[in-house]
Amino acid sequence: MKQLIRLKKGKFIGLLFLILSVGLVSHSQNEREITGKVTDQVGVPLPGVSVLLLNTSIGTQTDFDGKYSISAKKGDVLVFSFIGMKSTRNTVVDNNIINVQMEEDAAVLDEVVVVGYGTRKKSDVTGSMARVNTQATQSLPNTNVLQSLKGTVAGLTIGTPNRPGEEPIFRVRGTNSISASNRPLIVVDGIIYNGSLNDISNNDIQSVDVLKDASAAAVYGSRSANGVIIISTKRGVAKKPTFNFSTSYGFSDPVKLIPVLSPEGYLQKILDIRIATGQEADPNNISDYLTITESNNLAAGRTVDWYDRLVKTSITKTYAGSVSGRTDKTNYFLSGSYFDQEGIVENDNFKRFTARANFSNDLTDWFNVSLNTSITHKDYSGSAVPLRYGLSPYSNYYEDGADSGELEYFPMEDPFFRHPELNLRTEDFDKRLNLFGLVSAKIKVPFVKGLKYTMNYSLSSENNRRNIFNDNTLSITNNGSASKTISEQYTWTFDNILNYDRIFNNVHSVSATFLLSREYQNATSTNASSTDFFSQVLGYNSLELGAVPSVNSGFGEQNQNAIMGRLNYAYDNKYAITGTVRKDGYSGFSQTNKYATFYSGGISWTVSNENFLKNSAWLNLMKLRFSYGENGNQAIGRYRTLARITANTSDKYVFGDGGGTSNGVAVSTLANNELSWETTDTYNLGLDFGFFNRRLSGSIDVYSSRTKDLLLNRQIPSLTGFRTILTNVGEVSNKGIEVALNATPVMTDDFSWDIGVVFDKNNNKIESLFGVDDDGDGVEDDDIANGWFIGKPLGAIYGYAIDGIHQIGDTDIPSGYEPGDFRIVDYNNNGEVDVDDRHILGYYTPNYQFSVTNTFKYKNVSLFVRINSVQGGGKDNHYVGNNIIGHSPNAPFASWSDRFSFPAMDYWTPTNPSNTAARVNYTPTRGHPYLEDRSFVRLQDVILSYAFDKEVLEKLKIDGLSLNLNAKNLHTWTKWTGYDPETTRVGNSTVYGTTINNSPLNRTFTLGLDLTF
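Here the structure is a predicted model, which is why all the values come from computation and not from measurement.

Draft legend 1. Just the nonpolar core, in detail. Among the nonpolar cores identified, the biggest contains 40 residues, and Tyr-266, Tyr-397, Phe-902 and Ile-996 are the most heavily contacted of them. Aside from chain neighbours lying at most four places away, what touches Tyr-266 is Leu-261, Leu-290, Glu-294, Ser-392, Pro-393, Tyr-394, Met-412, Arg-899, Phe-900 and Ser-901. Judged by nonpolar contacts, the second largest core, of 23 residues, contains Val-153, Val-208, Val-210 and Leu-438.

Draft legend 2. Just the domain arrangement of the chain, in detail. Split by domain assignment, the chain resolves into domain 1 (32-104), domain 2 (112-233) and domain 3 (641-674). Placing the centre of domain 2 and that of domain 3 at their C-alpha centroids yields a distance of 43 Å.

Draft legend 3. Quick peek at helix H5 (residues 292-300). Within the sequence span of H5, burial applies to Thr-293, Glu-294, Ser-295 and Asn-297. Residues of H5 that are buried make contact with helix H4 (263-276). Downstream of H5 by one or two residues, Gly-301 has phi in the positive range, about 75°.

Draft legend 4. Highlighting the packing of aromatic side chains. Scanning the entire structure with this criterion turns up 44 aromatic pairs. Their ring planes at 80° and their centres at 5.0 Å tell us that Phe-416 and Phe-417 sit as a pair that is edge-to-face. Phe-417 sits in the buried class, given a relative accessible area of 6%. Seen in terms of ring centroids, Tyr-844 and Tyr-992 are 4.0 Å apart; in terms of plane orientation they differ by 10°. Their pairing is stacked. Of this pair, Tyr-844 sits in the loop between strand E41 (839-843) and strand E42 (848-858) while Tyr-992 sits in strand E51 (residues 989-994), and the two are 148 residues apart along the sequence. Since its relative accessible area comes to 31%, Tyr-992 is described here as partly exposed. Ring-pair connections join several aromatic residues into one group, and the members of that group are Tyr-389, Phe-416, Phe-417, Phe-893, Trp-896 and Phe-900. We note Arg-934 situated over the ring of Tyr-879; from NZ or CZ to the ring centre the distance is 3.8 Å.

Draft legend 5. Spotlight on the pattern of salt bridges. Inspection of the entire model under this criterion finds 37 salt bridges. Asp-959 is the salt-bridge partner of Lys-240, the closest N and O atoms lying 2.9 Å from each other. In this pair, Lys-240 sits in the loop between strand E16 (228-233) and strand E17 (242-254) while Asp-959 sits in the loop between helix H8 (950-956) and strand E49 (960-974), placing the two residues 719 residues apart along the sequence. Relative accessible area serves as the criterion here: at 41%, Lys-240 is assigned to the partly exposed category. Between Lys-574 and Asp-572 there is a salt bridge whose closest N-O contact spans 3.7 Å. Look at Asp-572 and you get partly exposed, because its relative accessible area is 27%. Overlapping salt bridges bring together Lys-150, Arg-938, Asp-980 and Glu-982 as one network.

Draft legend 6. Inspection of empty space enclosed by the protein at higher detail. In total, this model carries 7 cavities of 30 Å³ or more according to the counting rule given. Of the voids in this model, the largest cavity is the one considered here, and its volume is about 310 Å³. For the lining of the largest cavity, the secondary structure elements donating two or more residues are strand E18 (314-326), strand E19 (330-342), strand E48 (936-947), E49 and strand E52 (1002-1012). Here the lining of the largest cavity is composed, by residue class, of 4 nonpolar, 14 polar and 6 charged.

Draft legend 7. Up close: H4. The end-to-end C-alpha separation of H4 is 20 Å, in line with the 20 Å expected for 14 residues at 1.5 Å each. Among the residues making up H4, those that are buried are Tyr-266, Leu-267, Lys-269, Ile-270, Leu-271, Asp-272, Ile-273 and Arg-274. Each element contacted by the buried residues of H4 is listed here: H5, helix H7 (896-899) and strand E45 (907-908). At the exit of H4 stands Gly-278, carrying a positive phi of roughly 75°.

Draft legend 8. Spatial organisation of the pairing of E19. Relative to E19, E18 is paired through 11 bridges, and the arrangement is antiparallel. Within E19, the residue paired with Gly-325 across the bridge is Tyr-332. Two successive antiparallel strands, E18 and E19, enclose a turn made up of 3 residues. Both E19 and strand E20 (residues 349-362) contribute to a ladder of 13 bridges, which runs antiparallel. Following the sheet pairing, Phe-333 is matched in E20 by Asn-358.

Rules and cut-offs
- Residues numbered from 1 in each chain as written.
- Predicted model: local features only at pLDDT ≥ 70, side-chain atom pairs only at ≥ 80, totals over all residues.
- Heavy atoms only, no water.
- Core = buried A, V, L, I, M, F, W, Y, C linked by side-chain atoms within 4.5 Å.
- Buried < 20%, exposed > 50% of the residue type's maximum accessible area, 1.4 Å probe, protein only.
- Contact = heavy atoms within 4.5 Å.
- Domains from an automatic or database assignment.
- Helix = DSSP H or I, 4+ residues; strand = E, 2+ residues; numbered from the N terminus.
- Phe/Tyr/Trp six-rings, centres within 6.5 Å; stacked < 30°, edge-to-face > 60°.
- Lys NZ or Arg CZ within 6 Å of the ring centre and 35° of its normal.
- Salt bridge = Lys/Arg side-chain N within 4 Å of Asp/Glu carboxyl O.
- 1 Å grid on protein atoms, 1.4 Å probe; cavity = no way out; pocket = protein on both sides within 12 Å on 5 of 7 lines; lining within 4 Å.
- Points joined across faces, edges and corners; volume = space filled by probe spheres on them.
- Nonpolar A, V, L, I, M, F, W, Y, C, P; charged D, E, K, R; others polar.
- Expected span 1.5 Å × (residues − 1).
- Pairing = 2+ DSSP bridges.

See the structure below:
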């Protein structure tokens, strides 16, 4: 059977390419370009109006001036539709110009949105969702679409990447799970996408739909508990082939660099440490207190500004080209792009090449086939130069303090820090290849009106190669070290979809969807390494030359399947109801729990379409929505329910027969056959509105969700041989409000001003954990070790509070403390500092967030400005972070300040009674954080663009030309004294506000050009 399927698949794809090739060169006769302008009742141009040929998918949209161009022949009917306006039809006759004036119609809400395995009119949607047009920010130097979405959707939280090629953290409506994944599901062109969003070029994206509540996302069942982001890529629109080329060139530098000790400050630090430790501290003998290298450089007047040496202005270049179009039968979009982003230090680079080909062909009036393919090649090669802030300003940059030559291996003699630029000698090869293909077939069943069958089959292959070689100058003790790692992941998805859409008597709209889905994924990896090379000429390409080899390999696979049914009914554009049932299966669970069923339902009432409001002069839209549903989370490893056995070369077994040792294996985790799905129940109440000819519109949503059967690692007695076991226990709740407002305060023939505001507030709470009451107080115990507290949000910061610094003359300094130490708060007022003084100090999570986007257009000039903000505070002290390294010279470890430099700070001395930074040799008796407010307001995006007018375009014989000047992260207003207050990802860790230990946020300026012909 498998061989038959492969054979048919091969013949089908060959036939498909043949048909597409024929379709591309076919064209109809007697067609001509129809042009015109679309305006509202008072003559104001309407941009974004949909212009379609009746009974086809062929169409275009009006530009900013309300103008359009479409190929049609005599007798064709053009359908003009726009949200909030009455649709109008015009028949093509002898005139090549058709101007249209559209009328307001509050009863029409015809925008079509992607809802998962199909589309719906927005007026019939009962769930909470948002559509984003990313075209407005396409010119920005964004690595992926998440950066374009930031600040556009209420309830969607996106962090800020601070390294090239980094994918930011993103969440929809807070955190639902403690241990399992909180990443939203990604869907691309109707198929679940498991790759990185860095693989998709922003220039290829047409629109993004964000599904936020259970009713909207329920069709994806166990995959959608954390929300769904649906990406639709571009397709051809105009009959004439349309060529587009865009490019940009820009530069970046750090928004700020945290200052370190100046040469004078470094010398004073040496004296202050000696005073603090009771040693001689004579400024005249300062040279005696330094290392030989430092003393020589001080005498020679040589210093090194390490920031000046290591930090550079980085360059970002982008190039993107595409050709798109259609014939009567075939639609095509071909594109390619190149993205080259440098970091602010050497070898911190990211390069990406993408190519995409989207084809769709109507073989008959009832049979359509399409093929979407893409290839992405990413290059992260290079070992980035670290910003070693601890290096002395009196270090050697080159050997013997020379102005050039060989780099000094240990610039300040201390072996803890080797020269940062020695990283440039590391051979680091890190390249990743992603191939994606989607074949779709759509059949309109001839004998059942409104019934359509869709088959989607996708293949995805990811190949990552990482090779590293450090020669004997970098790996001294090992005489060189090298490794080669190859990892591959292969995924296929097969969806069978039945859609039924009918309208009866012009008032009854019925839509039904049935899905049968199967997904398979496998992953394999091989790592080989070696050390102690007798010859290093071939590096990692000849690991056998190393004397100490090591090999590791792995393989894993998983299967998922699902069956889903959805029913939508709408009456007279007033009332709508939706119900969904989905059953999911996942091979990662045990035999008794492989399947789970999830339900959802939603209703809506478009009040503005009732007769008593239908002719209202001020109200255009008022729609109430309510939904409830369940979604699951299966985001655990493939084999987490099983007892796993691991091999370790250090685990040796002796048989006792006089022979050598043998490699051994050991059970590393306990089995749990009862492990099952996390389930999230969500209620959502929403209001959509539009006033004054939609000059003011928006939505308000309030929601409440509860996630139960959390997948948590529960501690167990160590006498079992294990410390934890993964179980289903505990509950987490999220409640929140989301507001989205859009307004057009000014609109004239030459000038318009649009403003968009989004606001959301999420309250997260742990409802229960393990159900344990070891202290017998009748209340479930908290998990202090992990920072989980019943009735409190996730992200709690637990520890000792501080209140300034002990000063000379204070009479209440506890035993073990001295002047210059941080004052630990006696929280329980028992007169001493002990473990019972620990308490919740605050939370990493925000209190609320908002963004404001203004778009000003005057004739051919437009200005786009977006401000983004995350705010903390409140009675629970939200959105704080630990920046102890900026307030304690010895923060990294006990002898740091004695051996190295540190951030410039107003540290305490007997003659400088600071209350914000501890004494120079402070080592806390009890570890504690130094919390700072991370609230910020950021001028995130600014785009100034100019579109050349029609006369210039006609002279140049092109369709469009625009220039744009872009700025990103222009300024941030915050009290945070680290690099950046936002939550970000550093490697595999989440960092709540970056400090001097991390990379700084960059400010970027680019100049771009967009050409269409």
